[in-house]
Amino acid sequence: KVRIGSAAFQEASRRLRNVFGFELNRMPKYMGNMKGMPTRFKDRYYLLNTVNDTEQGTHSKAIHSIHEGSAVEKGFILLANGLIYCKGESKANSTRKMLERDLYRYLHRVDDSIPEEPPAQGTARARERSRYRTQTKGEGLTPNVDALLEQCVNWDYFIKEKATDENFSSDNYEEGDFVFSMGPRSAMEIGRKQIIFFCATILGEEPDPSMLKEIQ
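Residues numbered from 1 in each chain as written. Predicted model: local features only at pLDDT ≥ 70, side-chain atom pairs only at ≥ 80, totals over all residues. Heavy atoms only, no water.

Undergrad: So, the overall build of the protein: which residues are in play, and what are the values?
TA: On a plain count of helices and strands, the protein comes out with 10 helices and six strands. Counting every position in the protein, which comprises 216 residues, the buried fraction comes to 39%. Counting contacts in the protein only where the partners sit at least 6 residues apart, residues at least 24 apart contribute 57% of the total. For the protein, the accessible surface area stands at approximately 13,000 Å², while carbon and sulfur atoms represent 50% of it. (Helix = DSSP H or I, 4+ residues; strand = E, 2+ residues; numbered from the N terminus. Buried < 20%, exposed > 50% of the residue type's maximum accessible area, 1.4 Å probe, protein only. Contact = heavy atoms within 4.5 Å. Areas by Shrake-Rupley, 256 points an atom, 1.4 Å probe, with all protein chains shown as cover.)

Below is the structure:
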């Protein structure tokens, strides 16, 4: 049964590649080797568009700019990853993590329509964040960040964990705090290098050589 299942999977993978140009891949090895990586990601496969892109993500911008909802989602995912990766706490295993409340604080600085704090547990706002739809918006083009962040966790763009001494060494966290880090889908669809270049472009600076060296 295992052999039959494997053969069927390989055939499906081959057809996806030859007919549509998509690849089925597991998360990057460096991420799979990270201490504390949730085991649920280790046997997941992700459908990838393998067209080579520029460091600025020109191809990604082109395909996601057609529909407003997709453009807003992808832009938000890149922004949030940029904040987490460039402003988060650096860990020994080459990942970075940020407290949920700090992420909201930085997002609010970018767009004051975004709340300064995450929704408190048990509130109506917290319950609503599980009801994300593509058309869900906040104000203007600002998405409902509560709902979109939660959906991006479900899509594996971010990893959300309860803050502990093991996964967040800073003494700045409080009981009940959560931390965000880059998820497998972000690592594969965007990548750390593009995020570093994105942050540098926003700041009008050259990419940080130490950060580039870290991911080599």
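Past the structure itself, the notes keep going.
Undergrad: Lay out the confidence of the model for the protein with the relevant residues and their values.
TA: Mean pLDDT over the protein works out to 84, with 85% of the residues at or above the 70 mark. Least confident of the elements in the protein is helix 3 (residues 58–64), whose mean pLDDT is 66; most confident is helix 5 (residues 100–110), at 95. (pLDDT = per-residue confidence, 0-100.)

Undergrad: So what's going on with the packing of helix 5 against helix 7 (residues 145–154)? Residues and values would help.
TA: For the pair helix 5 and helix 7, interaxial distance at closest approach is 13 Å and the crossing angle is 125°. Regarding the angle of helix 5 to helix 7, the classification is oblique. As helix 5 runs across helix 7, the sense of the crossing is right-handed. Across from Leu103, Tyr104 and Leu107 in helix 5, the residues of helix 7 making contact are Val145, Asp146 and Leu149. (Axes fitted to C-alpha atoms, helices over the stretch in contact; angles between N-to-C directions. Parallel < 35°, antiparallel > 145°, perpendicular 65-115°, else oblique. Left-handed = near helix turned anticlockwise from the far one by under 90°.)

Undergrad: Describe in detail the pattern of salt bridges, supporting the description with residues and values.
TA: Working definition: two side chains of opposite charge can pair if their charged atoms are close together. All told, the structure shown has 16 salt bridges when counted by the stated rule. One salt-bridge network, in which partners are shared between bridges, spans Glu100, Arg129, Glu150 and Lys160. (Salt bridge = Lys/Arg side-chain N within 4 Å of Asp/Glu carboxyl O.)

Undergrad: Talk me through unusual backbone geometry; I want residue IDs and the actual numbers.
TA: Not every positive phi belongs to a glycine, and Asp156 is a case in point at roughly 70°. The topology assignment puts Asp156 in the loop between helix 7 and strand 5 (158–162). We classify Asp156 as buried; its relative accessible area is 5%.

Undergrad: Break down the packing of helix 4 (residues 68–87) against helix 7 for me, with residues and values.
TA: Helix 7 packs onto helix 4 with a crossing angle of 75° between their chain directions and a minimal axis gap of 11 Å. Between helix 4 and helix 7, the angle falls in the class roughly perpendicular. Within the contact between the two elements, helix 4 uses Glu73, Phe76 and Ile77 and helix 7 uses Val145, Leu148, Leu149 and Cys152. The residue inventory of the contact of helix 4 with helix 7, partitioned by class, reads six nonpolar, no polar and one charged. (Nonpolar A, V, L, I, M, F, W, Y, C, P; charged D, E, K, R; others polar.)

Undergrad: Describe the sheet that holds strand 3 (residues 89–90), naming the residues involved and giving the relevant values.
TA: The four strands lie next to each other as 3-4-6-5, forming an open sheet whose pairing is antiparallel. Looking at the sheet topology across the chains shown, the edges are occupied by strand 3 and strand 5. (Pairing = 2+ DSSP bridges.)

Undergrad: Break down helix 9 (residues 192–203) for me, citing the residues and quoting the values.
TA: Compared with the 16 Å implied by 1.5 Å per residue over 12 residues, the 17 Å span of helix 9 between its first and last C-alpha is a close match. Turning to helix 9, its buried residues are Arg192, Gln194, Ile195, Ile196, Phe197, Cys199 and Ala200. Contacts made by the buried residues of helix 9 are with helix 2 (29–32), helix 4, strand 6 (178–182), helix 8 (184–189) and helix 10 (209–215). The first or second residue beyond helix 9 is Gly204, which carries a positive phi of 70°. (Expected span 1.5 Å × (residues − 1).)

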